[in-house]
Amino acid sequence: MFNGKMKAITFSYDDGVTQDKRLIEILDKYDLKATFNINSELLGKEGSLIRDDKHVNHIKNNPKDIKKIYRNHEVAAHTLTHPFLPDLSDEEIIRQVEQDRINLEQLTEKSVVGMAYPGGGTNYNEHVAEVIRNNTGIKYARTIVSSYNFDIQNDLYVFKPTVYNFAEWDKMVRLADKFLNLETDTPKLLYIWGHAYEFDIHNTWDKFDEFCSLICHKDDIFYGTNREVLL
Ligand SMILES: [Zn+2]
């Protein structure tokens, strides 16, 4: 159960980019809660990337602003510098995760217990998950493998989100509709992930705002950060 309710919705966004501020304005307007996964050693760095032939900014927020920007939400680890973890030694996996977690605790002055694996594609394996489970303060770790269901998962160190809000937008809308109409006597979770910069690619901010307006403020749903719904 989630705060006495059988259904919960949570969001997860990666990289700590400047677009997070605009995203948080939308989430806050509808009392939705998210977790933001941040690379502490990349904070303040400039960058851009190309998606669907469009250039978008990939500028990371300033370390001094982290506490204020994310005050209504959860901050979680995303490693220090966004490496592909399966290529690293155990010592380096631990340093990348645990030092990021500690840095973020210092910046936010709150405990940090979650993470999202960095990198596209298969960005984790059983060994990486085991090293993190046994050697860090991390209590759950999100992959980018969509589950397309709302079931509660046993292994939180290879947690699968329900759906990705960029490339799987239409699927997300259908799943959300199904979730809103779902009647259940066992706990069910809708977990949506992405990156805030993705709303810049085709300027889908208004579309996301409308989506949030449709899923918010339901009496039978708990809206919480990742740690609030998973732990
Ligand atoms: Zn990332």
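My aim in this report is to walk through the structure given alongside it, one point at a time. (Residues numbered from 1 in each chain as written. Predicted model: local features only at pLDDT ≥ 70, side-chain atom pairs only at ≥ 80, totals over all residues. Heavy atoms only, no water.)

As for the pattern of salt bridges
Logical step 1: Considering all chains together, one arrives at twelve salt bridges under this definition.
Logical step 2: Between K29 and D209 there is a salt bridge; the shortest N-O distance is 2.7 Å. A residue pair is termed long-range when its members are at least 10 positions apart, and K29 in helix α1 (residues 20–29) and D209 in helix α7 (residues 205–215) qualify at 180 residues.
Logical step 3: Since its relative accessible area comes to 49%, K29 is described here as partly exposed.
Logical step 4: A salt bridge links E98 to R101; the shortest N-O distance between them is 2.9 Å. Within this pair, E98 and its partner R101 are both found in helix α3 (residues 90–108), separated by three residues, close to a single helical turn.
Logical step 5: The network of salt bridges with shared partners includes E98, R101 and E105. (Salt bridge = Lys/Arg side-chain N within 4 Å of Asp/Glu carboxyl O. Helix = DSSP H or I, 4+ residues; strand = E, 2+ residues; numbered from the N terminus. Buried < 20%, exposed > 50% of the residue type's maximum accessible area, 1.4 Å probe, protein only.)

Focus: the pairing of strand β5 (residues 74–77)
Logical step 1: Alternating residues of β5 divide into E74 and A76 and V75 and A77, and every residue in both groups is buried.
Logical step 2: One ladder, built from four bridges, connects strand β2 (residues 34–38) with β5; its direction is parallel. Residue pairing across strands places I38 opposite A77, the latter belonging to β5. (Pairing = 2+ DSSP bridges.)

Concerning the side chain of Q96
Logical step 1: Positionally, Q96 belongs in helix α3.
Logical step 2: With residues up to four places along the chain from it excluded, the contact list for Q96 reads T79, L80, T81, H82, P83, L85 and L88. (Contact = heavy atoms within 4.5 Å.)

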